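Chain residues, written in single-letter form:
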Amino acid sequence: MQTSFSPAQLADPHVAESEKILRRCVHCGFCTATCPTYVTLGDELDSPRGRIYLIKDMLENGRAADKETVTHIDRCLSCLSCTTTCPSGVDYMHLVDHARVHIEKTYTRPLPDRLTRALLAFVLPHPARFRLALKAASLGRPFAGLLKRFAATRPLGNMLDLAPGRVPAPSASAVPGTRLATAERRGRVAILSGCAQPVLKPEINEATLRLLARIGIEVVIPEGEGCCGSLVHHMGREEEALASARRNVDVWTREIERGGLDAILITASGCGTTIKDYGHMLRLDPAYAEKAARISGLAKDITEYLATLDLPRQEPRKLTVTYHSACSMQHGQKITLAPKLLLKAAGFTVRDPAEGHLCCGSAGTYNILQSEISDRLKARKVKNLEATKPDVIATGNIGCITQIATGTAVPIVHTVELLDWAYGGPKPAAMAGRV
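Source: prediction; values computed, not measured.

J.: Could you clarify how one ought to interpret the sheet that holds strand β7 (residues 349–351) in this entry?
T.: By definition, the strands of a sheet pair up through backbone hydrogen bonds, in either a parallel or an antiparallel sense. A sheet is described by the order of its strands in space; here four strands give the open sequence β7-β6-β8-β9, paired in parallel fashion. Edge positions in the sheet fall to β7 and β9 (412–414), since each has one partner strand and no second. Geometrically, the sheet is characterised by an average inter-axis angle of 35 degrees between neighbouring strands, direction not taken into account. As judged from the three bridges shared by strand β6 (residues 320–323) and strand β8 (residues 392–395), these two strands associate in the parallel manner. Bridging from a neighbouring strand, threonine 322 pairs with isoleucine 393 of β8. Strands β8 and β9 of the sheet are contacted by helix α24 (residues 398–405), whose axis makes an angle of about 175 degrees with β9.

In C-alpha cells:
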C-alpha cells in the first residue's frame, strides 16, 4: 500500500511503525474471508482491509478520529484471524493497537460510553473489586432485561447477564508464595494469577498447581504481580497498560534474580498474548526494554510448557472432548497442536469443530460493549461445537469459557483441568454428575 506520511510524522516512532505495517498490505482481501465481523455483517469497513484504509486515512492526515472510524475499529475483536490468513505478513495487531490509542487521545465518546469504559477499567483488572461487583450483580440481575432496552445502559445489562449465579470463594491458589514439587524437582516456574480468572474460575490454577507439583515442577506466585494489562490495552488506555506491564516485569525480574525461572506460565491465552508482547510494548522505554524482552521470552502458555515435559501416555477414556482454540491461542500465539496432542496423550478422543478459526465473540470486554455482534458469533460457535457431539468442551481462555457457557448445556472446562484429572487429580467440577 502506498503511503504519504511527512518526515515530521515519521519522526514519531509509533507512526513510523504503523507506516511500515501499512506498506505491507497489498489489498488482496484474503483477510475478509476469515474476519468474524465481515463474515457476520458483510460490510467492507468491518473487515481488516477496510479498517486498514480507515486507519491509514486517519493517521496520514494527522486528524482526530471521527465517529465512523471509531465505530468500525470498535467492532474489531482483535481476534487476529486476519494475521493468520494474510500472505503479506501485515502486522494488524500492532496497527489496530496504535489506532485505539489514537482514538483514546483524540476522540470524545458519548458520556455513557465513557462511563462504561471507565467502570470496566476500574473494576475488572482488580480481583477484590471484581469479586465485590459480582456479588452486587445478584441484586441487579432482575433488572438486566430493562437495562438492555436502552443503548446507554445496555452494557450494564450485558454485564449482569454474564455474571455467574455464584461467586467462588477466594482460593489459596492466588496467594503469593512457593509451591514445592511433590515429585523429584524438574524445574521452577512462575505462574500468573491474573485478575478475572481467579475470581470466576479459581479451579483452573488449582488444577495447574496440582499437576505441576505431581510432575516435579516448583511453582512460585510472586508478591505484587497483577493484571497483565490486556483489558485496558485493548481499550486504548495505553499508560495504564504499560504501568501494568512494568509492574509485572519488575516482579518477575526479581524472581528470576532470586531463584531463577524456567518459564512464566499463563493459563489464560488472552493474557499470554499480551505478556508475550511486553518486549514490543516497552521497546521505547530504555529502563524496561531489555527486561521486558526477557520476560516475553520466558512467557509460555501452560500447554506450550507441558508439551516440553513428555507426559506419559494414558489409557484411552471413553470421553469425547471438542477443543475450542481461543483466538488468542491460535492466532495470537500460534499455538494450535500442543493442547490437542496433550489431550490425546491423556486418553481423550479429541474433535475439532467446523469454522474453528472464527471467534466465539468474547474478546475481553467485546461481549459487553458489542453484545449484538457477540451474540451472533456465540450462536454460530455453539452450533459448530455442539455438532461434534462432545461430552465436554475444552479451551485455554477464561473469556471463551464464560462466553460459550452461556450458550450451551455441554460442560466447558480449561484444558489443564482435564489434564490434571487424567494424571491423578480430581474430576473437573463442571463435569460433576457426567460420565
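J.: How do you make sense of the environment of alanine 172 when you look at a structure like this?
T.: Along the chain, alanine 172 falls in the loop between α11 (154–162) and β1 (177–179). Judged by relative accessible area, alanine 172 falls into the exposed class, the value being 54%. In the structure, alanine 172 is positioned 33 residues away from asparagine 205 in sequence and 9.8 Å away in space, judged by C-alpha atoms.

J.: Honestly, the layout of surface pockets in this entry has me stumped. Any pointers?
T.: To find the voids left in a structure, one rolls a probe of water-molecule size over its atoms. If you add up the space inside the second largest pocket, you get close to 710 Å³. Forming the walls of the second largest pocket are 25 residues, and the residues nearest its centre are Asp74, Asp113, Ala151, Leu369 and Gln370. Among the elements of the structure, α5 (67–74), α8 (111–123), α11, α22 (366–369) and α23 (371–386) are those that each provide at least two residues to the lining of the second largest pocket. Split by residue class, the lining of the second largest pocket holds 11 nonpolar, five polar and nine charged.

J.: Please explain empty space enclosed by the protein as it appears in this structure.
T.: Per the stated rule, a full pass over the model turns up three cavities of 30 Å³ or more. Here the largest cavity is characterised by a volume of approximately 140 Å³. Lining the largest cavity are 16 residues; nearest its centre among them are Cys25, Cys31, Ile52, Cys86 and Val90. If you tally residues by element for the lining of the largest cavity, the top one is helix α4 (residues 48–60), at three residues. Its residues assigned to classes, the lining of the largest cavity shows 12 nonpolar, three polar and one charged.

J.: Before we go on, may I ask you to explain the nonpolar core in this structure?
T.: One recurring pattern in soluble globular proteins is that nonpolar side chains are buried together. Core analysis: the biggest nonpolar cluster contains 91 residues, and Leu212, Tyr278, Leu306 and Leu418 have the highest contact counts within it. For this core, the element with the most residues is helix α15 (residues 238–259), which contributes seven residues. Setting aside chain neighbours within four positions, we find leucine 212 in contact with Val189, Ile217, Val219, Leu265, Ile302, Tyr305 and Leu306. Grouped together as the second largest cluster of nonpolar side chains are 24 residues, Ile21, Ile52, Ala65 and Ile73 included.

Reading the values: the criteria
Residues numbered from 1 in each chain as written. Predicted model: local features only at pLDDT ≥ 70, side-chain atom pairs only at ≥ 80, totals over all residues. Heavy atoms only, no water. Pairing = 2+ DSSP bridges. Helix = DSSP H or I, 4+ residues; strand = E, 2+ residues; numbered from the N terminus. Axes fitted to C-alpha atoms, helices over the stretch in contact; angles between N-to-C directions. Contact = heavy atoms within 4.5 Å. Buried < 20%, exposed > 50% of the residue type's maximum accessible area, 1.4 Å probe, protein only. 1 Å grid on protein atoms, 1.4 Å probe; cavity = no way out; pocket = protein on both sides within 12 Å on 5 of 7 lines; lining within 4 Å. Points joined across faces, edges and corners; volume = space filled by probe spheres on them. Nonpolar A, V, L, I, M, F, W, Y, C, P; charged D, E, K, R; others polar. Core = buried A, V, L, I, M, F, W, Y, C linked by side-chain atoms within 4.5 Å.

In short, shape yes, function no, at least from these values alone.
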